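Observations on the three-dimensional arrangement
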Amino acid sequence: MTSAIRPFGPRPCALTVCRGCCCGDARKHPGTDHDGQLRRLREAAAASGGRLAVRTSECLGPCGQANVVVVQPSTEGRRRGGRAAWVGWALDDDCTDDILAWVAAGGPGIAKPPATLALQLIPAPAEARSRARRGQRR
């Protein structure tokens, strides 16, 4: 018996929420409802009909910019040139609202982030290391 190899279906926008040593730490950011933020994101994913996925990570790396959320494009967003966007200092309801609004509009590659969220975009750790190495060579 042979079976056909089927391509995976389209992937939704995905949020990776850092909850490691610094992100999600009430001692570092005591005024932030870390559990409430994650609950809101997961509720939005559950209500999205499969257009949003949320997962957590132990540590994404840029601890100085905690809390970090990575917004990954959907299959369509990636096809249109979208790449993962790293959001730093995701500490309040306004930032969470902006992330959810951006994802609802299509996310990276399909929609531009809200202006206030664009101010919080940070380079991915590998990109930051590459920039630092280029700066040292000058």
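Quick caveat, the model's predicted, so the values are computed rather than measured.

With that out of the way, let us pick up the pairing of strand E3 (residues 69-72). Here E3 shows no split at all, with Val 69 and Val 71 on one side and Val 70 and Gln 72 on the other all buried. Bridge count for E3 against strand E4 (residues 85-87) is three bridges, and the pairing is antiparallel. By the bridge assignment for E4, Val 69 is matched with Val 87.

On to the environment of Pro 62. Within the element layout of this structure, Pro 62 appears in the loop between strand E2 (52-57) and E3. When the C-alpha positions of Pro 62 and Cys 22 are compared, they lie 9.2 Å apart, and in sequence the two are 40 residues distant. Beyond its immediate stretch of four places on either side in the chain, Pro 62 contacts Val 68, Trp 86, Ile 122 and Pro 125.

Taking 1.5 Å as the rise per residue, helix H1 (residues 34-47) with 14 residues should run 20 Å; its terminal C-alpha atoms sit 20 Å apart, in good agreement. Taken together, the buried positions of H1 are occupied by His 34, Gly 36, Gln 37, Leu 38, Leu 41 and Ala 45. Looking at the packing, one finds that the buried side of H1 touches strand E1 (13-18), E2 and helix H3 (93-104). Trailing H1 by a residue or two, Gly 49 shows a phi angle of about 65 degrees, which is positive.

Attention shifts here to the sheet that holds strand E5 (residues 121-122). The five strands are arranged E2-E1-E3-E4-E5 in an open sheet whose pairing can be described as mixed. Two strands lie at the open edges of the sheet, namely E2 and E5, each paired on one side alone. Here E1 pairs with E2 via six bridges, running parallel. Bridged to Leu 15 within E2 is Val 54. Together, E1, E2, E3 and E4 form the strand contacts of H3, whose direction differs from that of E3 by roughly 10 degrees.

Moving on: the nonpolar core. Ranked by internal contacts, the top residues of the largest apolar core, which has 20 residues, are Leu 15, Leu 52, Val 54, Val 71, Val 87 and Ile 99. Of all the secondary-structure elements, those providing two or more residues to this core are E1, H1, E2, E3, E4 and H3. Among the elements that line this core, the one with the most residues is H3, at five residues. Contact partners of Leu 52, with chain neighbours within four places excluded, come to Pro 12, Cys 13, Leu 15, Leu 41, Ala 44, Ala 45, Leu 100 and Val 103.

Next up on the list: unusual backbone geometry. In this structure, the amide linkage connecting Ala 66 to the following residue, Asn 67, adopts the cis form with an omega of -5 degrees. Turning to its location among the elements, Asn 67 is positioned in the loop between E2 and E3. Although it is not a glycine, Trp 89 sits at a positive phi angle of roughly 55 degrees. The topology assignment puts Trp 89 in the loop between E4 and H3. Its relative accessible area of 37% is what places Trp 89 among the partly exposed residues.

The topology assignment puts His 34 in helix H1. Residues contacting His 34, with those up to four places away along its chain left out, are Arg 19, Gly 24, Asp 25, Ala 26, His 29 and Asn 67.

Scanning all chains against the criterion turns up five salt bridges. With a closest N to O distance of 3.3 Å, Arg 27 and Asp 25 form a salt bridge. On the basis of relative accessibility, which here comes to 14%, the residue Asp 25 falls in the buried class. Note that Glu 76 is salt-bridged to Arg 79, the shortest N-O span being 2.5 Å. In this pair, Glu 76 and Arg 79 are both assigned in helix H2 (residues 75-79), three residues apart and thus about one turn of the helix distant. Looking at Glu 76, the relative accessible area reads 28%, which means it is partly exposed. Taken together, the salt bridges that share partners define one network made up of Arg 40, Asp 93 and Asp 97.

Conventions used here
- Residues numbered from 1 in each chain as written.
- Predicted model: local features only at pLDDT ≥ 70, side-chain atom pairs only at ≥ 80, totals over all residues.
- Heavy atoms only, no water.
- Buried < 20%, exposed > 50% of the residue type's maximum accessible area, 1.4 Å probe, protein only.
- Helix = DSSP H or I, 4+ residues; strand = E, 2+ residues; numbered from the N terminus.
- Pairing = 2+ DSSP bridges.
- Contact = heavy atoms within 4.5 Å.
- Expected span 1.5 Å × (residues − 1).
- Axes fitted to C-alpha atoms, helices over the stretch in contact; angles between N-to-C directions.
- Core = buried A, V, L, I, M, F, W, Y, C linked by side-chain atoms within 4.5 Å.
- Salt bridge = Lys/Arg side-chain N within 4 Å of Asp/Glu carboxyl O.

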